[in-house]
Amino acid sequence: MSSSSFCTKAKNWLYYFITVFAGVYLHEIGHCAVAWVYGKRAIPTPAKEYLLDAVSFNTQLYISLGGILGTILFSLFIFYLFIKSPLTFSQPVFAASLASPGLYCFLFLLKGRGHDATEFQEAQAAMGFSYSGHMVDYLFVFIFLLGIFLWVRFSKPSIKAIPGLLLASVITIVFVAGLQTINNRIFDPLFSH
Ligand SMILES: [Zn+2]
C-alpha cells in the first residue's frame, strides 16, 4: 500500500469516527434539550446524559424521545445531503449516519431490544405507541434499510466492498462500547448519585 493511499484510508476512518462520535453526542444532547425545556438540570457527555434533578415519569418519556429524535434527525439530515450530491458527498460521513441505526438493529436481532434499559419503550410511549411494543426498533430497521438502499442506488458499490463493511461494523461496535466505557468511567463519579 502506498503512503498516499494509507493517508486516504486513515483520513476516511478519522472522518468516520468523528461523525459517529458527533451522532452519539447529538443523541445525548437531544435527551438533555428536553430536560432543559422542562427546567431540569441535565448534562450531556459524549456517550451519556446525566439528569441532576428528579423528573416525573411523563417527563422521562419525553427525555427518552429527545435522544431518539436526535439520532433520527442526524441520520436523515446526512441522507439528505448525500442524495443532493451522491458523487461528491463523503462516503465515511454517510457510512457513519448508519452506525447508530445499524447498532440498534444488531442489538434488536441479538437481544430483542435495540437499546438497553427502557429508553426505546419510553420514547415510543411518548409518541402514543405501546410501551411494550417495538415501534422504535422497527423505525431504526427502516432507517438502516433506507440508508443501505440509498447507498446502493446512488453509489453503486461493488460486491468487493462487503468484507470492508463487515470489518467496519465490528470496529464500530468496539468503538462505541469503548466510548461508553471510558465516558462512564470519567463522568459517573462526577454526576451519578
Ligand atoms: Zn439515549
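An account of the accompanying structure is given in this report.

The number of helices and strands found in the chain is seven helices and two strands. For the chain, the succession of helices and strands along the chain, N to C, is α-β-β-α-α-α-α-α-α. In terms of C-alpha radius of gyration, the chain reaches 18 Å, essentially the compact-globule figure of 16 Å for 193 residues. Across its three principal axes, the chain shows a C-alpha extent of roughly 55 × 35 × 30 Å. Sorting the 193 residues of the chain into buried and exposed places 39% on the buried side. Long-range contacts, defined as pairs at least 24 residues apart, comprise 60% of the intrachain contacts of the chain with a sequence gap of at least 6. When the accessible area of the chain is evaluated, it comes to approximately 10,900 Å², of which 72% is carbon and sulfur surface. Measuring between centres, the 12 positive side-chain charges of the chain sit 16 Å from its 8 negative side-chain charges.

Glancing now at the pattern of salt bridges. Tallied over the entire structure, the rule returns two salt bridges. Across the salt bridge formed by arginine 41 and aspartate 53, the nearest N and O atoms sit 2.8 Å from each other. Residue arginine 41 is found in the loop between helix H1 (3-37) and strand E1 (42-45), and its partner aspartate 53 is found in the loop between strand E2 (48-51) and helix H2 (57-84); the two are separated by 12 residues along the sequence. Across the pair lysine 48 and aspartate 188 runs a salt bridge, and its minimum N-O distance is 2.9 Å. In this pair, lysine 48 is assigned in strand E2 and aspartate 188 in helix H7 (residues 161-191), connecting sequence segments 140 residues apart. Judged by its relative accessible area of 25%, lysine 48 is partly exposed.

Counted by the stated rule, this structure contains 15 aromatic pairs. Arranged with centres 5.7 Å apart and planes meeting at 45°, the rings of phenylalanine 79 and phenylalanine 94 form a pair that is tilted. Taken as a pair, phenylalanine 79 in helix H2 and phenylalanine 94 in helix H3 (residues 91-97) lie far apart in primary sequence, 15 residues in all. For the ring pair phenylalanine 82 and phenylalanine 94, a centre distance of 4.0 Å and an interplane angle of 20° mean the geometry is stacked. Of the two residues, phenylalanine 82 is situated in helix H2 and phenylalanine 94 in helix H3; the sequence distance between them amounts to 12 residues. Look at phenylalanine 94 and you get buried, because its relative accessible area is 1%. Three or more aromatic residues link up through ring pairs in this structure, and these residues are Phe79, Phe82, Phe89, Phe94 and Phe154. Against the face of phenylalanine 154 rests arginine 153, its NZ or CZ located 4.9 Å from the ring centre.

Turning next to the packing of H1 against H2. Interhelical geometry of H1 versus H2 gives an angle of 145° and a closest axis separation of 7 Å. Classified by chirality, the crossing of H2 by H1 is right-handed. In this structure, H1 uses Thr19, Ala22, Gly23, Leu26, His27, Gly30, His31, Val34 and Ala35 to contact H2, whose residues at the interface are Tyr62, Ile63, Ser64, Gly66, Gly67, Ile68, Gly70, Thr71, Phe74 and Ile78. Here the residues of the contact of H1 with H2 sort into nine nonpolar, 10 polar and no charged.

About the thresholds
- Residues numbered from 1 in each chain as written.
- Predicted model: local features only at pLDDT ≥ 70, side-chain atom pairs only at ≥ 80, totals over all residues.
- Heavy atoms only, no water.
- Helix = DSSP H or I, 4+ residues; strand = E, 2+ residues; numbered from the N terminus.
- Rg over C-alpha atoms; globule rule 2.2 N^0.38 Å.
- Buried < 20%, exposed > 50% of the residue type's maximum accessible area, 1.4 Å probe, protein only.
- Contact = heavy atoms within 4.5 Å.
- Areas by Shrake-Rupley, 256 points an atom, 1.4 Å probe, with all protein chains shown as cover.
- Lys, Arg positive; Asp, Glu negative; His and termini not counted.
- Charge placed at Lys NZ, Arg CZ, Asp CG, Glu CD.
- Salt bridge = Lys/Arg side-chain N within 4 Å of Asp/Glu carboxyl O.
- Phe/Tyr/Trp six-rings, centres within 6.5 Å; stacked < 30°, edge-to-face > 60°.
- Lys NZ or Arg CZ within 6 Å of the ring centre and 35° of its normal.
- Axes fitted to C-alpha atoms, helices over the stretch in contact; angles between N-to-C directions.
- Left-handed = near helix turned anticlockwise from the far one by under 90°.
- Nonpolar A, V, L, I, M, F, W, Y, C, P; charged D, E, K, R; others polar.

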